[in-house]
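Examining the three-dimensional arrangement
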Amino acid sequence: MKWQDGRRSSNVEDDRASSMRTSSGSLGMLIPIIRFLLGSKIGRIVLIIGVVAYFMGYNPLALLDGGASTQREPTDSPQEQEKLAFVSAVLAQTEDVWGEIFKSVGARYEEPGLRLFRDQIASGCGFASAQTGPFYCPRDRKIYLDLSFFDELANKYKAGGDFAQAYVIAHEVGHHVQNLVGTLEQVAALKRRARSEAEQNALQVKVELQADCYAGVWAHYLAKAGRVLEAGDIDEALNAASAIGDDTLQRKFSGRVVPDSFTHGTSAQRKEWFKKGLAGGNLKACSFEP
């Protein structure tokens, strides 16, 4: 994937320095402190303030050890800086593509933000950790990404390559497009009326597959431009889509497949929907019935 000479997005927020890492030692110290605070009215007020601060993105545990074990500065290694530049370049590509698509139908594309974090973060949709994986929050219209996920994608899921990483970002941008056109709000309303968790999951699968399709639309226009994609890039994206399919993940990590618990779709479905968008760059190909 040729991204080095492309422009960089101005919508990337680097919060890696302020992200929090809680050590096991701090957690051990926390239990008796909580018990002590619960013993008095003032203590309970302090405890409430601490909890509120924690979910606003501040780590009160840093006061216990001067922050030595709760914060890390961003790694300024060449590899880390290259990842940062890559994410910014890919986000810029999505802005260009979706900006033109929206313009073609007489609308203006409102660009999402992308927040880089390390280990854990308080987002507009609540607290999240790196274990959550990359995600989009419709409340603040931002994508959240821990750069370590790219290493996990290559090593844990065997889906390496820069375009596999770009596909992940494009998928989350797909959720932003869904938010702009009202799809997420519509599906959220249907979920509230669903009679079971299985029905809610089925609705979420449709949302995720459409985001895969939108990622395919983005890839279609990159291919059409003829300046970005290289041989093997599309295969990298398809391999990533397959590697993180619900059936593949469940089979790999639990040894059994439970279709009613699917939230993203099977490997075959994820590849199929990416290909739908890739084939013609037509948004209608990504439509689904809720």
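Residues numbered from 1 in each chain as written. Predicted model: local features only at pLDDT ≥ 70, side-chain atom pairs only at ≥ 80, totals over all residues. Heavy atoms only, no water.

The name an unreviewed UniProt entry gives the protein chain is Putative neutral zinc metallopeptidase, with Campylobacter gracilis RM3268 as the organism. The Subcellular location (unreviewed entry) comment attached to the protein chain in UniProt states, word for word, "Membrane". (UniProt positions renumbered as here; feature names shortened; annotations may be inferred.)

**Thoughts on the pairing of strand E4 (residues 126-129)**
Two strands pair when backbone bridges link them, and strand E3 (residues 120-123) and E4 are joined in this way by four bridges, in the antiparallel orientation. Note that in E4 the partner of Ala122 across the bridge is Phe127. (Pairing = 2+ DSSP bridges. Helix = DSSP H or I, 4+ residues; strand = E, 2+ residues; numbered from the N terminus.)

**Remarks on the packing of aromatic side chains**
Tallied over the full model, the rule gives nine aromatic pairs. With a centroid separation of 5.4 Å and 80° between ring planes, the pair formed by Trp3 and Phe86 is classed as edge-to-face. Residue Trp3 is found in the segment before strand E1 (12-14), and its partner Phe86 is found in helix H4 (residues 78-104); the two are separated by 83 residues along the sequence. Each member of the pair, Trp3 as well as Phe86, carries the same accessibility label: buried. Ring geometry for Tyr167 versus Phe274: centroids 5.7 Å apart, planes at 85°, classification edge-to-face. Highlighted residues: Tyr167 in helix H6 (residues 162-181) and Phe274 in helix H11 (residues 267-280), separated in sequence by 107 residues. Each residue in the set Trp98, Phe102, Tyr109 and Tyr214 is aromatic and connected to the rest through ring pairs, giving one cluster. For the cation-ring pair, Lys156 lies above Phe253, with the distance from its terminal atom to the ring centre recorded as 5.1 Å. One Lys or Arg, Lys276, reaches over the ring of Trp273 and ends 3.8 Å from the middle of that ring. (Phe/Tyr/Trp six-rings, centres within 6.5 Å; stacked < 30°, edge-to-face > 60°. Buried < 20%, exposed > 50% of the residue type's maximum accessible area, 1.4 Å probe, protein only. Lys NZ or Arg CZ within 6 Å of the ring centre and 35° of its normal.)

**Comments concerning unusual backbone geometry**
In this structure, Asp119 takes a positive phi of about 75° despite not being glycine. Looking at the secondary structure, you find Asp119 in the loop between strand E2 (113-117) and E3. A positive phi angle, near 55°, is found at Arg141, a position not held by glycine. Note that Arg141 resides in the loop between strand E5 (135-137) and strand E6 (142-146).

**Some details on the pattern of salt bridges**
Close approach of charged atoms allows side chains with opposite charge to pair. Under the criterion given, the structure shown has 13 salt bridges. Asp15 serves as the salt-bridge partner of Arg115, at 2.6 Å between the closest nitrogen and oxygen. In this pair, Arg115 is assigned in strand E2 and Asp15 in the loop between E1 and helix H1 (24-37), connecting sequence segments 100 residues apart. Exposure remark for Arg115: the relative accessible area of 15% places this residue in the buried category. Of the charged contacts in the structure, one is a salt bridge between Lys156 and Glu152, with a shortest N-O distance of 3.6 Å. (Salt bridge = Lys/Arg side-chain N within 4 Å of Asp/Glu carboxyl O.)

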